[in-house]
Amino acid sequence: MADSKRVVLITGGGSGMGREAARRFAAAGDAVALFDLNTQGMEETAAGFDNVRSWQVDVTDFEAVCAAVAEVETAFGPVDRLYNCAAIMPFGILLEQDNAIIHKQMAINYGGLVNITQAVLPGMVARGRGDFVSFASMAGWIPMLKTGAYTATKFAVRAFTETLHHENLNCGVRFACVCPPAVATPLLKQGKESAWPKMLENQGEPIAPAVVIDAIEDCLQRGKFFVYPTRDAKIGVLMRRLLPGLIWKQVHQVEGF
Ligand SMILES: NC(=O)c1ccc[n+]([C@@H]2O[C@H](COP(=O)([O-])OP(=O)(O)OC[C@H]3O[C@@H](n4cnc5c(N)ncnc54)[C@H](O)[C@@H]3O)[C@@H](O)[C@H]2O)c1
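All residue numbers refer to positions counted from 1 along the written sequence of the respective chain. Only residues with pLDDT of at least 70 get local features here, since the model is predicted, and only at 80 or more are side-chain atom pairs given and counted; chain-wide, interface and lining totals rely on the full set of residues. In computing side-chain properties, one takes all heavy atoms of the structure into account and sets aside hydrogens as well as water.

**Some points on the site of the ligand**
What counts, and what does not: We call a residue near a given molecule or strand whenever any one of its heavy atoms falls within 4 Å of it. Two N or O atoms count as a polar contact when they lie within 3.5 Å, although within protein this holds only if one can serve as hydrogen donor and the other as acceptor, and sequence-adjacent residues are included solely when both atoms are side-chain atoms. Method for areas: the Shrake-Rupley scheme with a 1.4 Å probe, in which residue coverage is limited to the protein chains shown. Here a helix means four or more residues in a row that DSSP labels H or I, a strand means two or more in a row labelled E, and each is numbered from the N terminus. In the scheme used here, Gly and all other residues not listed as nonpolar or charged are polar, with Ala, Val, Leu, Ile, Met, Phe, Trp, Tyr, Cys and Pro taken as nonpolar and Asp, Glu, Lys and Arg as charged.
Around the ligand lies a shell of 29 residues, among which Ser15, Asp36, Tyr150, Val183 and Thr185 are the nearest. Measuring from a nitrogen atom of the ligand, one finds a backbone N or O atom of Val57 at 3.4 Å. The contact in question runs from an oxygen atom of the ligand to an N or O atom on the backbone of Cys85, over 3.2 Å. When the ligand is considered free in solution it has 840 Å² of accessible area, and contact with the protein chains removes 94% of it. Elements with a minimum of two residues in the shell around the ligand: helix H1 (16-27), helix H5 (148-167) and helix H6 (187-192). Class assignment of the residues belonging to the shell around the ligand gives a composition of 19 nonpolar, 7 polar and 3 charged.

**Focus on the environment of Asp80**
Basically, it comes down to this: We call two residues in contact whenever any of their non-hydrogen atoms come within 4.5 Å of each other.
Mapped onto the fold, Asp80 is located in the loop between helix H3 (62-76) and strand S4 (81-84). When the C-alpha positions of Asp80 and Ala31 are compared, they lie 9.9 Å apart, and in sequence the two are 49 residues distant. Ignoring anything within four residues of it in the chain, the contact list for Asp80 reads Arg6, Val7, Met124, Arg129, Gly130 and Asp131. A polar contact of 2.5 Å, which involves the side chain of Asp80, links it to the side chain of Arg129.

**Details of the side chain of Asn51**
Relative to the helices and strands, Asn51 resides in the loop between helix H2 (39-46) and strand S3 (52-56). Polar side-chain contacts of Asn51 include one of 2.9 Å to the backbone oxygen of Ala26. One polar contact links the side chain of Asn51 to the main-chain carbonyl oxygen of Asp30, over a distance of 2.8 Å. In this view, Asn51 contacts Ala26, Gly29, Asp30, Ala31, Val32 and Phe76; residues no more than four positions away in its chain are not counted.

**Description of unusual backbone geometry**
For clarity, the threshold we go by: Burial classes follow relative accessibility: with a 1.4 Å probe on protein chains only, a residue under 20% of its type's maximum area counts as buried, one over 50% as exposed, and anything between as partly exposed.
If you check the backbone angles, Lys146 has positive phi at about 80° while not being a glycine. Given the relative accessible area of 22%, Lys146 is considered partly exposed. Phi at Asn170 is positive, roughly 60°, even though this residue is not glycine. By the secondary structure assignment, Asn170 is in the loop between H5 and strand S6 (173-178).

Following this line, the structure appears as structure tokens:
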């Protein structure tokens, strides 16, 4: 990573891609703040580093997010990089899925992004510098059977981040919206334990978190807003844009309904 000794804030830093990014930034000498509900996960992320600190924060609680961001800025200084990783992913057929679970996904995956954005981005814009990274997904482009509620949150993340980017063009802040395929992290277990679509079985092995973090860094350097960590992800999104009916046909065939 080219820039070191920055202040990095990572939501969902207690696991998966947030952990991968946090440990890399920490190894490069950055001051890293983790926001997560999972305290044990954050301890594991921070293990071996004295430049990583953890805050147990629920990203759906705007007041708590603002208070924690103020503590981070007092401890480390203004936030230079924000990675919005916190999310959940319970799958299910929409009419069978619990009402509260559908709303909870939107509150965390999208509402959490709104909260951390309003707590951190105004400072970045005022300072005229910073990196703002949202984690959408290929699911933010391609709806499928059994993934509707999660997919809706990722469509929202993508629309929100794209609009933010355009409302703040040329202000000095770099924006990225990350659209990975399946990544080998604990998040997948939530999908597998609820209603895993056969379509996802057919897509090969999940990629490593490191591949995604590398792709983000590369896209930030090159000024690319959408981050597609694999060629297949890029092709999948293109197919959805050009031939949505064909994808739906395949989805119905594979799922068998
Ligand atoms: N893993 C994948 O296949 C995949 C693919 C595409 C996009 N993504 C997206 O990438 C991002 C990172 O995913 P991951 O795979 O590293 O997930 P992960 O499950 O490994 O980590 C997510 C973290 O978010 C935390 N979290 C959940 N609810 C929270 C809340 N209310 N407040 C604070 N923290 C909370 C969890 O405790 C967990 O530590 C997510 O936005 C996810 O939707 C993941």
